[in-house]
Every structure is written in C-alpha cells, then in structure tokens.
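Okay, here's what each chain looks like letter by letter:
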Amino acid sequence: MDLSNMPTRYDASSTEQKWYARWEAADLFKPSLDGNKPVYTITIPPPNITGSLHMGHALCYPIQDLLGRYNRMLGKNVLILPGQDHAGIATQSVVDKQLRKQGTSAAQIGREKFVERVWEWRKESGDTILNQLRTLGCAFDWTRERFTLDDKYAEAVLKVFIDWYKRGLIFRGKRVVNWDPKLQTSVSDIETLRDVRRGKLYHIRYPYTDGSGEIVIATTRPETMLADVAVAVHPSDARYKDKVGKTLLLPLVNRQIPIIADPYPDPAFGTGAVKITPAHDANDYQVGVRHSLEMPIILDLEARISLPGPYFGMDRNEARKQIVHDLEQQGFLIKIEDHEIPIVISDRSGEVIEPLLSEQWFCDQPALAKRVIEAVKSGEVKFHPSRYDRIFIEWMENIREWCLSRQLWWGHRIPVYYAEDGSHFAALSWDEAQAQAGDKKIVRQDEDVLDTWFSSGLWPFATLGWPEQTEDLKRFYPTSCLVTDRNIINLWVARMMMMGYDLAGARPFSDVMIYATVMREDGRRMSKSLGTGVDPMEIITSIGADALRYTLLSQTGENQELRYSERKTEEARNFCNKIWNATRFVLMNIQGPVEEPATLTTVDKWLLSRLYQTEQTVKAAYDGYDIQSACQALYRFFWSELCDWYIEVSKPRLSDPADRATPQWVLLTALDAFLRMMHPVMPHITEELYSHLPIAGKPEFIMSASWPVIPATFEQPDAETEIERTFEIVRAFRALRAELDLPPIKSIPLAYIEGDLQGNEGVFLSQGWVQELRQGRPADGAFVSTTAEGVDIYLPISGLVDAEKELARLVKEEEKVKSDLAKTETKLANPQFTERAKPEVVEKEQTALLALREQLTKIEQRRKLFEYK
C-alpha cells in the first residue's frame, strides 16, 4: 500500500488540529434531521465565563464527548449542546478587580455602566474555555451554543420566577444565610470552603436570676452572646430536668433569658447546655423557629456590632477581644482553652463567612422534592456510581428552603417591582408591573439578582427553547445523561430535577454520572493557589489531546479519586505511538482491500475470538459508564494480543505470497474494529489511521462510522484455549532462555519437545525464536529443560552457553550471598541489636534478610539448569 502521505512518526499537534477542523467543516457535530433515529442528548455543564481549562474539565468534558461519539456510532441522533454560565459572583469579582486597578470601582461608575463593562469583558475574554474544549477534541454542536444571559434564556428564567412566585413557591422572608461581609452578598454553599483553624473555646458563667447557681456555656464566638435569647438543654438530660423554664442572667447585657428543652444540644458535649443566637447560626435559627424566640441581629452587613452600647461599631474580631476582656473583669469568664474550630470561608473573597439573619428571596424546595425522591427511588433517574442514590435521597428528604437572592449587579435581576406604599409585583417589565399595580405608582425594581444555580437549574430544557415548544425541545428533551462533579449534586443536580419535573413535565435526564476528582500523584488536591495545579493545555501542547484524554479516561470507573502523573501521560503517549507504528506496519504489508478467506488457522480464530470478546467488554463498559474497563480491554487487545502475539506470529506468513492473504484480512478486520472502538477515547489518531485503511465503501470519517458488529461466529473458545496453552508453553521457553541470558534477537538452532503442540509448532518456532523443533529429547550433550501445559521442552546448550564458566560464577556468587545471609541472621538473632537499635534500622536489616534469601533461591534454581540429564 502507498504510505507516502502517511508520516513515519506520529505528530499529535498537526493531526489533531487537522481533523477537528475537518469534522467541524463537515457539520459532523450537528444532529441529523432524521426523526426515525433514537435520540441521545447531553447539555454540557456550562463552564463559567471566567474559567480556563483545569484537570477536572479535562476529564469531565471528554467523558461527554466519548458518550456522544459512542452513541453516534450506535446509530443515534446525537446532540451534545455546549454553553456557558454567567457566574455571577466570580464574574463580578473579576471585573471589579480590573476597575480597581484602573483607579475606579463598581460603586463609582454605577450599576448600568458596570454591567456594560462586564459585557465588554465577556466579549473579549469570556470564550477562552470553549476554545480549549475544541482543543480537547470535544465534538459539541457549537451552532446551538447557549449562554445563561442570552435574551431568550433570561426571559425563561424570569418567567419561572414569576410562575413560582404566583404559586407560592417563591417568597420573601428572613432566614439565616451565608453572608460574605467583604463582597456584601449572600453566597451558596458551593461558593464556600470548609477549613479547620486553631482558635479558642471560652467557658462563660450564666448565673440563674434567682441566685441559685449558674450554668457554664462554652462558645468559640463570645461576640454573638450579645444576641443570645435562650440557653438550650436536651430534654433527656437529667442534669437539667428541673431547670427548664428557669431564667438566666445574660452576662454583660443583664437581660433575662430562659432555659429551654430542645433536641439540638448534645448532652455529651461540655456541660450539655448551649447558648441560642437565632440570627447568627443556622442551627440556632431552627431552634428559634421551633420555640418562637426573638431574633435580634447584632452584626451589620460589614460584620460590625450594630446594637447600641459599648461595642457599637466594632469589627467582630475587635468586639470579641473587648467582650472577653470585660467578661474576665466582671468575673464571668472561667477559662479559655485552645480549640480546633471548623470555619466557612468565602471561595471568592477569602473572608470568613458570617451566618446572618437576612431578608432574602427564598424557594420552597421541600414542596418540590417529593417527585424527585420518587424518581431516584424508582430508578427513573439513576446515579453512577449507584451509591450516590442513597446520598442524594438522604439530602432531599432533609432539604431546606433555598436562598435565591444575591446582592450583585451581574446576573438575572429579580423581576419584582415595588410601589410607593411598599407593595410589590412580579412582572417581566416595568410596564407590566405598573399595569398590575393600577393606581399605585411603581418606583423601583428589586436590586438583587438571582442565584446562579437558579438559572442553571433550567439548563437541560431552557437551552432547547423552553418555554416555547420548539422542535429541539420536542426532539431532544428529556436529555440522556448528565456528567457532573459530586460536590454539586445537591446544588445543581437536585435543582435541575425539581425544575425539570415541575416546569418541563419530565425528568431532565435518565442517568447522572459522577466523575472522579483529579488529584496529584501524591494524593494532594490540585490547586492553582497552592501551586499544585497542572495545566492541561501544556500537556496537550506537549503530547497531544488524545494522550491526555487516555491518561484520564483510562482511570475513570467506580473510583472517585483519580491520580494524575507525568508517568501515566508518558505511557499514554507511548500507547499512541504503538497504535501508529503497528498500524503503519500492517498497512505496509497490505496492497489493497482483501477478501475474507475460506479457511482460518487456529491462531487466526484465536485473535478474532479475542476481538469478539473485547467488543463485548468495551460495549458493556461504555454502556455502564465504566470507561476504565473499556480502556483496559482495548489496551490489552491491541498491545498484547494483536501486537505482541498475532503480528509477531504472522510475520513469516506475511512474507509468503501464497499465505499472506489470510493474516492480511484478519489484521485489517481487527484494526478496523479496534480503531472504531477506541475512537470515543482517542478521536484524532483513530480518525487519521482510519483514513488510511484500504476498506472498500467505508465512510469518509470514522466519526460517521457505525459501531463494529463482530459476528458471533468469531467466538471460538476452543481456539482461545488451544492458543493460550501454546502461548504458555512459549512463555515457559522464553523464561528458560532468559535464565541463560539468551536474548530474543538470538535465534536458537534446535529445541526438543515431548508432548502435543496441537499443530501450533509454527507459533512455537516464531515466538520462541527457534529454527528447528524436534520431537523427543536430546540423545547426548548438555541441555536444560522446563515443563509447561503437559509439554516437556529441552534446549541443547552446547555452543550456546559456557556451562563450566557459568557454574563457576554461580558458585562464587552463592558463597558470597550465603556469607552475607549468615551475618544478617546473626545480627537479627542478637537481642542487644534488635532491642537497642532504632526500629527503622532493624526493619532495614529484616528487609535485607528477605532479599538475600530470595537471591539465594534464584541462584539455586539457576544452578539446577546445569544439572544435565
């Protein structure tokens, strides 16, 4: 075959750029208009417009690309719809930092000008990550790309708010939220980080007002005691059975607060009594609701003391120091202990989050959760791995109200308009609100924007045109699969399911695949700020996208932590080169299309049977989201079975014009199927190699090819058993050669066997690197032997090995090892050494002892080779 246009070496960069451009030019990323095809849809998790590719992305999006390419090959009408999220807090922070560098700020230029600046930034820099996804080879339909602030999408978001508001599912109220004092907004859990820091635990006396004693309260936040409204004890705590209902004097404030019974306190922790500050702790808030307690707020939006008195205006940290000082001066402070304190930090500002009772817009999630729970319990929506079913259901059954509002300017502004008298109306526009208000004059729109997770919750159906009943919505919804991170199951997956069932009338997807977190090789988290991150784009530039994809995808199965290492990417690059070089070798030995032969040898049948089994394994693995098993099966088939064995066995046949047609057909059949099965993992190299295969009538692109259907007649378990037996015999003979230091390149003139090779003598000769094979055993002369699978193999060594010289060397080596072994055994038998030496020194000697014993065993085995019969 003419390979003049096929480079001798694989160049990932030029190959990958070339084929991605051709795919896109040929409109291969778009679904077809054939309404008879089954549909497969993924709406990709929209990356933030502030984002650039990191290792998590380099795993997540190729998984979706793999699923799309695989299902396209199965004959389905595939849509993988891309897009981006406006990322309210992250984007506002980026632009605000730019403004400050320019000597101004968002507050100075005002809301309207600020939003204009963000749109300008979005136009210039917001598509970085989408271009990087192209570099990864992601075959997404870019003609349908969506953005959560597109006009149509934004209108859908506002309509949902209005609909749920009218139905009572959205309301305004006061709840404890995560408050970022620096960014001046509420934030969701996903926008926070958990940490543990060294702090203090303060033990404070709370005296009974009747003078009968005191209760000791332990707290890490004494500044919040200014807003204490009760002390809670567990109803089962016998220590306080007759104390519930009595009152205590709140130190420093001199206000009376009651002792209440509630399940919240842990009787085993400290004194079993806890102070209740409902406005500044989420758990305390729930206690306050259950007991109808007052909820005074003592911190303002900048985390300063807001109650009148000696601490007014103090920062929370300054107030803590002064309050502790005053408690000590007035005799209320018993002791201070060092204590590990769990804290919540804003991911965007780095500020410690303040739990704060705040008036916000909330969604009644418990009312929407029931249908979602039923869907997972019934298997209508399945998680992969399945253990996440239980985690998801448990969270949904304890779900709370959702804070929807954010004190930002960038995002979907809440569509609520206020009249002069304070009444409000939900509407799509000022004019519509005025029409609803009648004689009342609308004077302002709500300043807040919606939580980003609210708009992204509509992603599976709003991207397809909902609420309009578009052709895309009818054809591609519900979607097929969601690939996502475990950290946003509750924040995003749950919201999409609630919204999908309630608004679109059906589940948003049938499967949820939770992909692994990519860690460094040593198990540390990848982080740019910690300097432990790895830039995927640098790897792609160095070794190619296919190698990176294989590195990550080949470790993607049930595991939820994946270790990245340069060694693995090097192995992946080597695999790419192996695929390239082996394919090129096969093509060099094929002159054109070949016909299926009438007869096959046993080794031909073996490879085709292994091909059949591999296809069964790979298809089941892809279907079950076990990509690791698919990659392992493909690697084993190509590298070991095809290259290491079949190609090597076939080389003499390929050199024989009378016999070459059969191995040519088998090799081409195997290559064709392998490249198609590997295509979802390594799309570029498989496309390039497929283009060179001399197959009549093949499609122009492997991406358009069908999944290989391997005939059931290829399954030949008897042939597999027979050839695997032959290979075991060959391996035993190779091991014998290795013991004699006879390299593979050295051809051995003669070997003998006693036993039946079942007609596979040619395999033994070519793979054992032997020129002649005779039945029986050598009649005279020195020889060595081994046995495998009921066959005795004899290797005459006259002229191959200097036996006397080798025996002399072994005897000398054996003497030295025995001497070292005796010294080590004596040392370890001496109690003065084992008891006085450091444990690591003793352990080192014990390890050396085991190594010496193993070395002696090998020498003894090698000497037996020269005990000739």
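Student: I'd like a description of the packing of helix H19 (residues 602-623) against helix H23 (residues 717-739), backed by residues and values.
Tutor: Where H19 meets H23, the axes come as close as 8 Å, and the angle between the chain directions of the two elements is 110°. As summarised for this structure, H19 and H23 are arranged roughly perpendicular, according to the angle between their axes. When the axes of H19 and H23 are compared, the crossing they make is left-handed. Across the interface between the two elements, Thr 602, Val 603, Lys 605, Trp 606, Ser 609, Arg 610 and Gln 613 from H19 touch Pro 717, Ala 719, Glu 720, Glu 722, Ile 723, Glu 724 and Phe 727 from H23. For the contact of H19 with H23, the per-class residue count stands at six nonpolar, three polar and five charged.

Student: Lay out the environment of Glu 112 with the relevant residues and their values.
Tutor: Tracing the chain through its elements places Glu 112 in helix H4 (residues 106-125). A relative accessible area of 64% places Glu 112 in the exposed class. In the structure, Glu 112 is positioned 677 residues away from Glu 789 in sequence and 82 Å away in space, judged by C-alpha atoms.

Student: Explain the packing of aromatic side chains residue by residue, including any values.
Tutor: The relative placement of two aromatic rings is captured by the distance of their centres and the angle of their planes. Evaluation of the coordinates by the stated rule reveals 32 aromatic pairs. When the centroid spacing of 5.1 Å and the interplanar angle of 40° are considered together, the rings of Phe 383 and Phe 392 count as tilted. Overall, Phe 392 belongs to the buried group, its relative accessible area being 0%. Both rings, one in Tyr 550 and one in Phe 575, keep their centres 5.2 Å apart while their planes meet at 55°; by these two values the pair is tilted. Of this pair, Tyr 550 sits in helix H17 (residues 545-553) while Phe 575 sits in helix H18 (residues 566-588), and the two are 25 residues apart along the sequence. A connected cluster of aromatic rings, assembled from ring pairs, spans Tyr 550, Phe 575, Tyr 635, Phe 638, Trp 639 and Phe 674. Sitting over the face of the ring of Trp 19, Arg 22 holds its NZ or CZ atom 4.7 Å from the ring centroid. The ring of Tyr 208 has Lys 246 lying over it, and the distance from NZ or CZ to the ring centre is 4.6 Å.

Student: Pulling in residues and values, what's your account of the pairing of strand E2 (residues 77-81)?
Tutor: Taking burial as the measure, the five residues of E2 include five buried ones, the bulk of the element. Burial of the side chains of E2 extends over both faces: Asn 77, Leu 79 and Leu 81 are buried on one face and Val 78 and Ile 80 on the other. As defined by bridge partners, strand E1 (residues 39-43) adjoins E2 across five bridges and the pair is classed as parallel. Looking across to E2, one finds that Ile 42 is bridged to Ile 80. Handedness of the crossover is the feature at issue here: the chain leaves E1, passes through helix H2 (residues 55-73), returns alongside E2, and the resulting connection is right-handed.

Thresholds, definitions, all that
- Residues numbered from 1 in each chain as written.
- Predicted model: local features only at pLDDT ≥ 70, side-chain atom pairs only at ≥ 80, totals over all residues.
- Heavy atoms only, no water.
- Axes fitted to C-alpha atoms, helices over the stretch in contact; angles between N-to-C directions.
- Helix = DSSP H or I, 4+ residues; strand = E, 2+ residues; numbered from the N terminus.
- Parallel < 35°, antiparallel > 145°, perpendicular 65-115°, else oblique.
- Left-handed = near helix turned anticlockwise from the far one by under 90°.
- Contact = heavy atoms within 4.5 Å.
- Nonpolar A, V, L, I, M, F, W, Y, C, P; charged D, E, K, R; others polar.
- Buried < 20%, exposed > 50% of the residue type's maximum accessible area, 1.4 Å probe, protein only.
- Phe/Tyr/Trp six-rings, centres within 6.5 Å; stacked < 30°, edge-to-face > 60°.
- Lys NZ or Arg CZ within 6 Å of the ring centre and 35° of its normal.
- Pairing = 2+ DSSP bridges.
- Right-handed = clockwise from strand over helix to strand, strands pointing away.

Remember that the coordinates give geometry; whether it matters functionally is a separate question.
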